[in-house]
Amino acid sequence: MSLPLHVTAPAPQRDLSEQLRPEQAARTRPALSLVVPSYNESARLPKSFAELDAWLSSPAATPTEVILVDDGSSDDTLAQLQAYAAARPEVRVLGEPHRGKAATVRAGMLAAEGDLVLFSDADFSAPLSEARHLVRAAREGAGVVIGSREASGSRREGEPIYRHVMGKGFNLLTRSLIPGVRDTQCGFKLFTREAAQAIFQDLPSGLGGEIEGPMVTAFDVEVLFLAQRLGFRIEEVPVRWVYAEGSKVSALKDAYRMALDVAKIHVGAWRGSYPDRK
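Note that the structure is predicted; figures quoted are calculated from it, not measured.

**Student:** Lay out unusual backbone geometry with the relevant residues and their values.
**Tutor:** One non-glycine residue, Asn-40, lies in positive phi territory at about 50°. Unusually for a residue other than glycine, Phe-124 sits at a positive phi of about 50°. Note that Phe-124 resides in the loop between strand E5 (116–120) and helix H5 (131–139). Residue Phe-124 is classed as buried on the basis of its relative accessible area, which comes to 5%.

**Student:** Could you give an account of the pattern of salt bridges, with specific residues and numbers?
**Tutor:** Considering all chains together, one arrives at 15 salt bridges under this definition. Its salt-bridge partner being Asp-115, residue Arg-29 comes within 3.7 Å of it at the nearest N-O pair. Pair noted here: Arg-29 is in the loop between helix H1 (22–25) and strand E2 (32–38) and Asp-115 is in the loop between helix H4 (101–111) and E5, with a separation of 86 residues, a long-range link. Note on Arg-29: relative accessible area 31%, which makes it partly exposed. The salt bridge involving Arg-99 is made with Glu-96; its shortest N-O contact spans 3.7 Å.

**Student:** An account of the packing of aromatic side chains is requested, with residue identities and associated values reported.
**Tutor:** Counted by the stated rule, this structure contains six aromatic pairs. On the basis of an interplanar angle of 80° and a centroid distance of 5.2 Å, the ring pair of Phe-225 and Tyr-274 is categorised as edge-to-face. Of this pair, Phe-225 sits in helix H8 (residues 219–229) while Tyr-274 is found in the segment after helix H9 (251–271), placing the two residues 49 residues apart along the sequence. Judged by relative accessible area, Phe-225 falls into the buried class, the value being 8%. Put simply, the rings of Phe-119, Phe-191, Phe-200 and Phe-219 touch in pairs and so form one group of aromatic residues.

**Student:** Explain empty space enclosed by the protein to me, using residue names and the numbers behind them.
**Tutor:** Scanning the model with the defined rule gives two cavities of 30 Å³ or more in all. The computed volume of the largest cavity comes to approximately 50 Å³. Secondary structure elements with two or more residues in the lining of the largest cavity: E2 and helix H2 (45–56). Element by element, the count of residues in the lining of the largest cavity is highest for H2, at four residues.

**Student:** Lay out the side chain of Arg-149 in plain terms, naming residues and giving numbers.
**Tutor:** With respect to the secondary-structure elements, Arg-149 resides in the loop between strand E6 (144–148) and strand E7 (155–157). Judged by relative accessible area, which is 10%, Arg-149 ranks as buried. At 2.8 Å, the side chain of Arg-149 and the side chain of Asp-183 are in polar contact. Not counting chain neighbours up to four residues away, the residues in contact with Arg-149 comprise Ser-154, Arg-156, Asp-183, Gln-185, Cys-186 and Trp-241.

**Student:** Lay out helix H6 (residues 161–174) in plain terms, naming residues and giving numbers.
**Tutor:** The α-helix advances 3.6 residues per turn, and as a result positions three or four apart in sequence lie on the same side. Taking 1.5 Å as the rise per residue, H6 with 14 residues should run 20 Å; its terminal C-alpha atoms sit 20 Å apart, in good agreement. Inspection of H6 places Arg-163, Phe-170, Asn-171 and Thr-174 among the buried residues, and these make up the whole buried set. Buried residues of H6 fall within an arc of 105° about the axis and therefore sit on the same side. Across from the buried face of H6, at angles greater than 90 degrees, the exposed residues are Ile-161, Val-165 and Leu-172.

**Student:** Before we move on, can you summarise the nonpolar core with the specific residues and values?
**Tutor:** Within soluble globular proteins, side chains that are nonpolar generally end up buried alongside one another. Within the largest apolar cluster, 37 residues are counted, with the highest numbers of intra-cluster contacts made by Met-109, Val-144, Phe-191, Ile-199 and Phe-200. Of all the secondary structure elements, the ones that give two or more residues to this core are strand E3 (64–71), H4, E5, E6, helix H7 (193–201), H8 and H9. Of all the elements, H8 adds the most residues to this core, at seven residues. Ignoring anything within four residues of it in the chain, the contact list for Phe-200 reads Val-105, Arg-106, Met-109, Leu-110, Phe-119, Phe-191, Phe-219 and Val-223. Counting residues in each nonpolar core, the second largest holds 34 residues, with Ala-85, Val-135, Cys-186 and Val-237 among its members.

Rules behind the numbers
Residues numbered from 1 in each chain as written. Predicted model: local features only at pLDDT ≥ 70, side-chain atom pairs only at ≥ 80, totals over all residues. Heavy atoms only, no water. Helix = DSSP H or I, 4+ residues; strand = E, 2+ residues; numbered from the N terminus. Buried < 20%, exposed > 50% of the residue type's maximum accessible area, 1.4 Å probe, protein only. Salt bridge = Lys/Arg side-chain N within 4 Å of Asp/Glu carboxyl O. Phe/Tyr/Trp six-rings, centres within 6.5 Å; stacked < 30°, edge-to-face > 60°. 1 Å grid on protein atoms, 1.4 Å probe; cavity = no way out; pocket = protein on both sides within 12 Å on 5 of 7 lines; lining within 4 Å. Points joined across faces, edges and corners; volume = space filled by probe spheres on them. Polar contact = N/O pair within 3.5 Å; in protein donor to acceptor, adjacent residues only side chain to side chain. Contact = heavy atoms within 4.5 Å. Expected span 1.5 Å × (residues − 1). Arc of directions from axis to C-beta. Core = buried A, V, L, I, M, F, W, Y, C linked by side-chain atoms within 4.5 Å.

Encoded structure:
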């Protein structure tokens, strides 16, 4: 059964710390966990580290833990992540075998200790400063909050036309699975701790074996489909999104693979492979 999906306009800028409940300040569990998956990101990590440092040094990021998850990179991504974390007690690194983004995000989400858990692509195409909008929506009752490039009030900057067309076409494929969601693929999603544990614990696309090379999949669709099946309210929030050079997306190969992934979710739903609300 599909649940109502809401779209929220961004609120005036406030520090994330102002949105946290008073009792959370005295607890050892962080209010927010940030999970960042990486695969062969060596060239772009210095820029990403600079943005992460700026965000961590602002009041909006406290109290936060950061979990950097390496997806079995073949370059020196893991070494860079470890060097970055060495002098930062709020940052920890997970080194995973190369099993793809779904398994990598799953490992980080299940390891997270925060009351809220945000995952973001390593290029921070949606700037971390946008997190405050997602936090606000979660505090108002949403179990899953999607950073959206399609919701009213969102901004796309520098995106190639072919990527935009791909996204529009893909969203048509997902409408029957997740009615009302306009942007399933933005790599900027926030979950309550309860939702993160329930959704990612048995996520089928996150349980596969080792693979070779980069692979773009539709695991985001499966995450959102599971969220609705389990009864979590999904809210879509407009964000600013800036296209980052160096994308691993292949227009033809990945579009075909993602369409197959969506078909597999349909088949799994028909066979009763996914749990319903408890």
